[in-house]
Amino acid sequence: MSAIFKRELRSLFSSPLAYLVLAVLFAISGYYFYLANMEFGYRSLNYVFSALYSYACFLVLPILTMRLFSEEKRQKTDQALFTAPVSLTGIVMGKFFAAFLVFLIGISITLVFAVVIAFMTNPGWLSVFGNYIGLMLYGGMLVAAGLFFSCLTESQLIAALCTFAFELVLSSVNYLTTVFADNKFVETVVNFLSVSDRYSHFTAGAIHYGDIVFFLSMTALFIFLAVRVLDRKRWA
């Protein structure tokens with residue numbers, strides 16, 4: 001797995017992709033940090049994290065993950081990857097951790113912002129770490145989902161659009177409760193799948209084990225599905 005991880009990380013940083021992703025994450029978080037914390041004097045970084053959750057992940061993660069396996073298929077290097085002395089799980093995990101590390105580097109700027117605020121006032125460290133952990137878990141789930149969609153097609157555009165559509169579904173699932181207001185089954189399903197509600201717990205500095213298990217389980221599910229897709233294609 002480590003060989004695949006190093007190979008993928010080197011591939012990401014040998015192209016403009018990783019630098020573009022980091023630039024977008026730094027630009028969005030930097031803009032909201034300046035506007036909310038420097039210009040208007042807010043102590044909390046909630047506006048910065050909210051921007052990363054609402055905008056940056058929607059824009060960045062489909063682009064970051066679209067090439068993970070689609071590019072291998074397009075260049076016909078996937079067969080060489082399958083014959084490497086690495087398990088399919090190791091291949092998938094190596095690519096996942098490489099993309100996830102780029103995302104973590106991009107959002108780590110928020111910790112620098114918290115240190116800057118700490119020189120002037122208390123930034124609310126519980127909220128900062130809660131937001132960071134929530135964003136990390138949410139981003140990990142989306143990276144795994146994007147990796148899975150990238151396994152399904154050799155078109156990077158289709159992989160990116162599928163990931164974006166998945167993000168839209170997650171963000172709009174709460175609206176089902178207004179459409180099916182009297183349906184308890186729908187309400188139960190929505191409450192379970194509501195990513196925004198689960199993420200809001202982290203923003204308040206409340207770390208619930210159920211929310212952590214949900215995000216980790218969804219991440220593991222998409223990684224498992226990606227391995228199964230690759231296994232089927234290898235034997236096909």
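Notes on the structure follow. Fair warning: this is a prediction, and the values are worked out from it, not measured in the lab. Residue positions are given per chain, counting from 1 as you read along its sequence in written order. Local features in a predicted model are, by the rule used here, given only for residues with pLDDT of at least 70; side-chain atom pairs are given and counted only at 80 or more, and totals for whole chains, interfaces and linings are based on all residues. Hydrogens are left out, water is left out, and the side-chain values use all remaining heavy atoms of the structure.

**Regarding the side chain of Thr163**
For clarity, the threshold we go by: Strands here are runs of E lasting at least two residues and helices are runs of H or I lasting at least four, both read from the DSSP assignment and numbered beginning at the N terminus. Here the term buried applies to any residue with accessible area under 20% of the maximum for its type, exposed to any over 50%, and partly exposed to those in between, with areas from a 1.4 Å probe on protein chains only. Pairs of residues are marked as contacts when any of their non-hydrogen atoms sit within 4.5 Å.
Position of Thr163 relative to the elements: it lies in helix α9 (residues 156-172). Looking at Thr163, the relative accessible area reads 0%, which means it is buried. Not counting residues within four places of it along the chain, the set of residues in contact with Thr163 comprises Pro62, Thr65, Leu142, Gly146 and Phe149.

**A short note on the environment of Gly139**
Inspection of the secondary structure puts Gly139 in helix α8 (residues 125-152). Relative accessible area serves as the criterion here: at 0%, Gly139 is assigned to the buried category. A C-alpha to C-alpha distance of 10.0 Å links Gly139 and Phe58, two positions 81 residues apart in sequence. Each residue touching Gly139, except ones within four places of it in the same chain, is listed here: Leu61, Phe100 and Phe103.

**Some points on the packing of helix α2 (residues 16-39) against helix α6 (residues 88-107)**
Definition in use: Every angle, taken between N-to-C directions, lies between 0 and 180 degrees, and every axis is a line fitted to C-alpha atoms, over only the stretch in contact when it is a helix. These descriptions rest on fixed angle ranges, namely under 35 degrees for roughly parallel, over 145 for roughly antiparallel, 65 to 115 for roughly perpendicular, and the rest for oblique. Crossings are assigned a handedness: left-handed for a near helix turned anticlockwise from the far helix by less than a right angle, right-handed for a clockwise turn. Note on residue classes: Ala, Val, Leu, Ile, Met, Phe, Trp, Tyr, Cys and Pro are nonpolar, Asp, Glu, Lys and Arg are charged, and everything else, Gly too, is polar.
One way to put it is that α2 packs onto α6 with a least axis distance of 8 Å and a crossing angle of 30 degrees. Compared by their axis directions, α2 and α6 come out roughly parallel. Judged by the sense of rotation from one axis to the other, the crossing of α2 with α6 is right-handed. On α6, the residues touching Ala18, Val21, Leu22, Leu25 and Phe26 of α2 are Val102, Phe103, Ile105, Gly106 and Ile107. Here the residues of the contact of α2 with α6 are counted per class, giving 9 nonpolar, 1 polar and no charged.

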